[in-house]
Amino acid sequence: MKRIIIGVFSFLSVAFLAQNQRFSYEYKFVRDSTEKDKAETEVMLLNVFSNG
């Protein structure tokens, strides 16, 4: 039982204290250069980790 509790706390500390960052931004683009008034928009997510 003691090993399970230590394992759970170890996992939670690694999961919650990790040095990861997530950025969200809006990306606008035009699929066809002849129809510039029809721009499309997507929400992009960028994950940045401490090792690269």
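All values reported here derive from a predicted model rather than from experimental measurement.

### Overview of the overall build of the protein chain
Thinking step 1. Along the protein chain, the regular secondary structure elements total 1 helix and 2 strands.
Thinking step 2. N-terminal to C-terminal, the α/β element order of the protein chain is α-β-β.
Thinking step 3. Taking 2.2 N^0.38 as the reference for a compact globule, 52 residues should give roughly 10 Å; the C-alpha atoms of the protein chain span a radius of gyration of 21 Å, well beyond that estimate.
Thinking step 4. Put simply, the protein chain has 52 residues, and 2% of those count as buried.

### Some details on a nonpolar patch on the surface
Thinking step 1. Judged by side-chain polarity, Met 1, Ile 4, Ile 5, Val 8, Phe 9, Phe 11, Leu 12 and Phe 16 come together as a nonpolar surface patch covering roughly 940 Å² of accessible area.
Thinking step 2. Summarising the element assignment, Phe 16 is placed in helix H1 (residues 2–16).
Thinking step 3. A residue is classified by how much of its surface remains accessible, and Phe 16, at 65% relative accessible area, is exposed.

### Digging into the environment of Ser 13
Thinking step 1. When you line up the elements, Ser 13 lands in helix H1.
Thinking step 2. What makes Ser 13 partly exposed here is its relative accessible area of 32%.
Thinking step 3. In the structure, Ser 13 is positioned 35 residues away from Val 48 in sequence and 19 Å away in space, judged by C-alpha atoms.

### Let's talk about the pattern of salt bridges
Thinking step 1. Counted according to the given criterion, the structure contains 2 salt bridges.
Thinking step 2. Notably, a salt bridge pairs Arg 31 with Glu 40, separated by 2.9 Å at the nearest N-O pair.
Thinking step 3. Arg 31 gets classed as exposed once you look at its relative accessible area, which sits at 63%.

### What to know about the packing of aromatic side chains
Thinking step 1. Tallying each qualifying case throughout the model produces 1 aromatic pair.
Thinking step 2. Ring plane angle 25 degrees and centroid distance 5.4 Å describe the contact between Tyr 27 and Phe 29, whose orientation is recorded as stacked.
Thinking step 3. According to the relative accessible area criterion, Tyr 27 is partly exposed, its value standing at 42%.

### Observations concerning the environment of Phe 49
Thinking step 1. By secondary structure assignment, the location of Phe 49 is in the segment after strand E2 (39–48).
Thinking step 2. With 40 residues separating them along the chain, Phe 49 and Phe 9 place their C-alpha atoms 22 Å apart.

Scoring rules and cut-offs
Residues numbered from 1 in each chain as written. Predicted model: local features only at pLDDT ≥ 70, side-chain atom pairs only at ≥ 80, totals over all residues. Heavy atoms only, no water. Helix = DSSP H or I, 4+ residues; strand = E, 2+ residues; numbered from the N terminus. Rg over C-alpha atoms; globule rule 2.2 N^0.38 Å. Buried < 20%, exposed > 50% of the residue type's maximum accessible area, 1.4 Å probe, protein only. Patch = residues over 30% accessible without salt bridge, like charges linked within 9 Å, V, L, I, M, F, W, Y side chains within 5 Å. Areas by Shrake-Rupley, 256 points an atom, 1.4 Å probe, with all protein chains shown as cover. Salt bridge = Lys/Arg side-chain N within 4 Å of Asp/Glu carboxyl O. Phe/Tyr/Trp six-rings, centres within 6.5 Å; stacked < 30°, edge-to-face > 60°.

Any functional reading would require information that these geometric values do not contain.
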